[in-house]
Amino acid sequence: MSGTSIPEPNEPPPTVDARQGAPRKQWRAGTLVYTPAALVLLFLWLLWGDFAWAMRDRSVGPMASWYLSHLNVSSLLFGLLMTSFPALITLVLAPTISYISDRHRGRIGRRIPFLLITTPLSAAGMIGLGLTPLVSAYVHAAMPGQDGTVVALVSFGVFWAIFEVASIASQAVFGGLDQ
């Protein structure tokens, strides 16, 4: 036994790289096999997602608050749109999406199909929020009998609902990536 080491119980046996003939480290988690390069890529994607999430948190909420205060909405409507509506959606949608994505088995994984659906919807809602003044001006020109503030609030509400539903659903899925 002299000169040989006993491998650790959780360490997989090294594989041989065909190009260099040197052992290459691999880590396994169930059926997934990770090399050092794959782990670096995974961490970079997770860091990018977290950065994008932080930028969303720091930009959309303050800009939506500014726009609603610019429209001089009541405090009740402001609270309903900015706090109660997202909380209600989170209460219903987050556990449902988490449950479904935890049990989904697909060709591209458990979480990625959900992110491929919710992320573009969230981006579309965010773009719509930015374009709300233009959209509401266009709709108000098409229906001149309507109050401009009401048209702006309805436009904002539609894009806010799309954005909140999609971002809450993607947050529930993104939260499962680190588990």
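Conventions we followed
- All residue numbers refer to positions counted from 1 along the written sequence of the respective chain.
- In keeping with the model being predicted, local features are shown solely for residues with a pLDDT of at least 70 and side-chain atom pairs are shown and tallied solely at 80 or more, while totals for entire chains, interfaces and linings include all residues.
- As a convention, hydrogens and water are excluded, and side-chain values are obtained from all of the structure's heavy atoms.
- Each reported salt bridge corresponds to a side-chain nitrogen of Lys or Arg within 4 Å of a carboxyl oxygen of Asp or Glu.
- With a 1.4 Å probe rolled over the protein chains alone, any residue whose accessible area is under 20% of its type maximum counts as buried; one over 50% counts as exposed, and the rest are partly exposed.
- Only DSSP runs of H or I covering at least 4 residues are called helices, and only runs of E covering at least 2 are called strands; the numbering of each starts at the N terminus.
- As used in this structure description, the phrase polar contact means that two N or O atoms lie within 3.5 Å; if the pair is within protein, one of them must be able to donate a hydrogen and the other to accept it, and residues adjacent in sequence are counted only when both atoms belong to side chains.
- The pLDDT score gives, residue by residue, the confidence of the prediction method on a 0 to 100 scale.
- Residues are said to line a cavity or pocket when one of their atoms sits within 4 Å of a point; the points come from a 1 Å grid over protein atoms alone, cavities being sets where a 1.4 Å probe fits but cannot get out and pockets being open sets with protein on both sides within 12 Å along at least five of seven lines.
- Grid points are joined across faces, edges and corners, and a volume is the space filled by probe spheres set on the points.
- Three residue categories are used. Nonpolar comprises Ala, Val, Leu, Ile, Met, Phe, Trp, Tyr, Cys and Pro, charged comprises Asp, Glu, Lys and Arg, and polar comprises the others, including Gly.
- Definition used in this section: a nonpolar core is a set of buried Ala, Val, Leu, Ile, Met, Phe, Trp, Tyr and Cys residues joined via side-chain atoms within 4.5 Å.
- Any pair of residues with heavy atoms lying within 4.5 Å of one another is described as a contacting pair.

### Looking at the pattern of salt bridges
Pairing between side chains of opposite charge can happen when their charged atoms approach one another. The tally for this structure, following the rule as stated, stands at two salt bridges. The salt bridge involving Arg-56 is made with Asp-57; its shortest N-O contact spans 2.5 Å. By relative accessible area, Arg-56 is classed as buried at 15%. Since its relative accessible area comes to 40%, Asp-57 is described here as partly exposed. Measuring nitrogen to oxygen at the nearest pair gives 2.6 Å for the salt bridge that ties Arg-111 to Asp-102. Look at Asp-102 and you get partly exposed, because its relative accessible area is 30%.

### A few points about the side chain of Arg-111
Its place among the elements puts Arg-111 in the loop between helix H2 (75-103) and helix H3 (112-130). Taking relative accessible area as the criterion, Arg-111 reaches 7% and is therefore assigned buried. A polar contact is formed between the side chain of Arg-111 and the side chain of Ser-101, at a distance of 2.9 Å. In terms of polar contacts, Arg-111 uses its side chain to reach the side chain of Asp-102, at 2.6 Å.

### Comments concerning the confidence of the model for the protein chain
Per-chain confidence: the protein chain averages 83 in pLDDT, with 85% of residues scoring 70 or above. When pLDDT is averaged over each element of the protein chain, helix H4 (residues 132-142) comes out on top at 92 and strand S1 (residues 15-16) at the bottom at 54.

### So, the layout of surface pockets
Quantified by volume, the second largest pocket comes out at close to 200 Å³. Every residue lining the second largest pocket is listed: Ser-59, Val-60, Met-63, Ala-64, Trp-66, Tyr-67, Met-126, Leu-129, Gly-130, Pro-133 and Phe-156. When contributions to the lining of the second largest pocket are tallied by element, the ones reaching two or more residues are helix H1 (36-70) and H3. In terms of residue count, H1 provides more of the lining of the second largest pocket than any other element does, six residues in total. The class makeup of the residues in the lining of the second largest pocket is nine nonpolar, two polar and no charged.

### Topic: the nonpolar core
Core analysis: the biggest nonpolar cluster contains 15 residues, and Leu-68, Leu-71, Leu-129, Phe-156 and Trp-160 have the highest contact counts within it. Elements with a minimum of two residues in this core: H1, H2 and helix H5 (148-175). Those residues in contact with Phe-156 that lie beyond four places of it in its chain are Ala-64, Tyr-67, Leu-68, Leu-81, Leu-129 and Thr-132. Formed by nine residues, the second largest nonpolar core is a distinct cluster that contains Ile-89, Leu-115, Ala-169 and Ala-172.

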